[in-house]
Each structure stands twice: as structure tokens, then as C-alpha cells.
Amino acid sequence: QRRVHGIMERTKQKYMMKTLSGHFDMERDIIADFNPNEEIFIRDLKGLRRKILAMRADGKEMLNVLTDFDCTLTKKTHNNEKADHSFNAMEKEEIMGKEFVDACVEARAKYLPIEIDVNITKEEKDKHMADWCGNTQNLLKELKPTKNEIRRAVSISRLYLRNGCFELLKLLSACDLKLHVVSAGIKAVVAETFHILQMQRGLQLDGTLVYCMTPEVFDPEQGNALVDFGEPTVLSTNKHLCIDHEKFPDIREGSNAVLMGDLIEDLLIVKNLKLKQVIGIGFLNAPAEHDSEVLQRFMENYDIVIVHDGNLTHAVQLVKSIIGAELDADYVERNRTAQKLSLIHICRCRRLLTCRSRWSPYH
């Protein structure tokens, strides 16, 4: 009876909503403001420079950019409040109903601490992530949200792309380079987010974005409703299963990559790729001083770690440096002041000695 009541309420809300065949307009900017509180930690400054020079010598045609989506391209917080990711962007009662939202909130409270725990074995984490993903997919298949409802959900969500995302995509598009988005998120939500960015910024991304995600099946006879999911099922812990040289021949063997993620497991994205050099940028969205054990693990795995829910600015300048383009003047000026004070600060993160820098290593 509760299920029938929920479906009736949702049907009623459908007809109360204004029906649109296109995308929904958004008053808010999909790009977040610049975050001045970010900090950048560099594991090995000299080693990073060697990688950059080697990748520059190979040429831009040998460069690939691969990234996670949720909490990597998107913000974890906005204006001191939690921001949405591709899954909870759908958790809108006026669209999906209270029963769906409650079930998602309950599942996230159970599984999210497991996902971000750096001490749980991969095998154990795989099992929990598969359960989480399967439960969410079953809920979505039961409710069958239409493309218009997904667009509406994104338009009223608190999903924000990091500052610098537009500049990164613009740069890649101008250089005829692709951005491979390897994500366990909802593909339709991710695609709608980038569509909004294109509409707000007048940016054409045809051929720039490549989605390596769980396929979704929409039925046009049911109003373009989401009715099923294909294979492979991409989890936060098995992203390497959806990307290799055979599936994506544009990623050449022996080429180089810039890889971005917010979990240690995101580094597994390149597991099945035969690459020459990889520069990893990790987004540790919690304050570093409050999570030194996690920071240590990130520093052991990523070349660059950006904390305090930072910007994509450093990624943009890194790509520019690799392809031999001139760095942004405001970026150079902003970081020159820090160089005058102190070139490199050495700090100890527990037992790990790291380079902590407020300036750019890409000059």
C-alpha cells in the first residue's frame, strides 16, 4: 500500500510539473567560486618536474586526461554546506518520492564510510560497493525516472563543478584532446551536468568528453524512462574493468596520462593501460590537519594532493605545462607572492616527509 501510494503521489507530481521537451534552465552557476583556502601537497617536486619534462618531450598527441567525476570534478561542499554528487542529485522528493530518498539516505549512511575507509581491503570494499550499487540500480529501475525528470533533478540540485573545470575542458577541446570520465555515478546526470556547462558558457564539447561508465537503457515508448542498466557495472573500486586500449583505441600504448581522483582506488583506472608516465592528482576534500593518516596514504600514492576541497586550477596549469602552452598570468602572479615568502615548506605528515607548496611546480 505504501508503494502504491508513493507511485500515485509521484504520478500526481509529474502532472503538476511543467512538461518540457528540452533542458531546464538554471539560475545558479554550475561552476563553483574559486576556493582560496586550498592547499597543495607535492610528494616529490624534482620527480614531478622530471615527469612533466618527459611528457612534454613526447608531445601533446601522447597525452591523455582521465578523471573520476563525483568529488573530483565536482565539489564536495559549497558555501559551507554539503554539495550533491551524481547519485544524491536524484534524491529530490518532488521528483522521485520520499520513499526513494529515504532509502538512498539510509544506504549512503551505511556504505559511504566503507567507501572512503583507506584501511579496508579491496576485496571487502568491492563486495560492499557492489551491494550499494545494486540496491540503487534496483530502486531506479522500479521508479523509472524519465530523462526530463533527471534533467529537472540536476537543475534543482546542489551539484557544482570545481572552479577551473571550464578552463580545463576549453583547453582540452582547443588542443583536440579528450577527457575520459571514468565514474561509478549516474551517466545521465553526469551528461546533463556537462550540457548545462556548455549552455552557460557557450562551449562546444563535441568529441572532447568520453564516458567510461555503466551503460543506461532508456525506453522511448515509456517517455524516455530509465528502465535498465547494462554491463559492465562500474563501481568505485573496479573502474579499470571499463577502460583498456581495445575499448578506447584513442589511448595509445606507451602514451602518458594525467589522472585525477578522490579515492586511492581511482588510481586503478589505468591498471589495464600500458602507459609510459602517469601524474596523479588526488583531491582530499577533508581538511588535511584533521585527517593526517588519510593524507599520508594519499601522499604515498598521488604525485599531487589538493586539500580543503580545492580547485582544478593546478590541473589546468599542469596540462598547459605538458603541452608547452603559456601559463595563465593571474595564476603565475597569485603564486609568485608565496614564492617570495618561502619557496618550499617542508612539513612532516606523521612519518612521511612531504613537500608542501603554495606555489606552482609547473614553471
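In this text the structure is predicted, and so the values were computed from the model without any measurement. (Residues numbered from 1 in each chain as written. Predicted model: local features only at pLDDT ≥ 70, side-chain atom pairs only at ≥ 80, totals over all residues. Heavy atoms only, no water.)

A. Inspection of the side chain of T72 at higher detail. Looking at the secondary structure, you find T72 in the loop between β2 (63–67) and β3 (77–78). When its relative accessible area of 0% is taken as the criterion, T72 is described as buried. Among the polar contacts listed, one links the side chain of T72 to the backbone nitrogen of D262, at a separation of 3.2 Å. The contacts of T72, once residues within four sequence positions are left out, are T67, R162, M260, G261, D262, F283 and L312. (Helix = DSSP H or I, 4+ residues; strand = E, 2+ residues; numbered from the N terminus. Buried < 20%, exposed > 50% of the residue type's maximum accessible area, 1.4 Å probe, protein only. Polar contact = N/O pair within 3.5 Å; in protein donor to acceptor, adjacent residues only side chain to side chain. Contact = heavy atoms within 4.5 Å.)

B. Broad picture of unusual backbone geometry. Following E231, the chain continues to P232 via a peptide bond in cis, the omega torsion being 0 degrees. At C71, a position not held by glycine, the phi torsion is positive, near 65 degrees. Tracing the sequence through the fold places C71 in the loop between β2 and β3. Backbone geometry at D176 places phi at a positive 60 degrees, although glycine is not the residue there. Along the chain, D176 turns up in the loop between α7 (165–174) and β5 (179–182).

C. Structural view of the nonpolar core. M90, L169, F194 and I281 are the most contacted members of the largest nonpolar core, which totals 63 residues. Those residues in contact with I281 that sit more than four places away from it in its chain are V258, L259, M260, G261, Y302, I304, I306, A315 and L318. By size, the runner-up hydrophobic cluster in this structure holds 15 residues, among which are C212, I243, F248 and I269. (Core = buried A, V, L, I, M, F, W, Y, C linked by side-chain atoms within 4.5 Å.)

The values are spatial; any link to function lies outside them.
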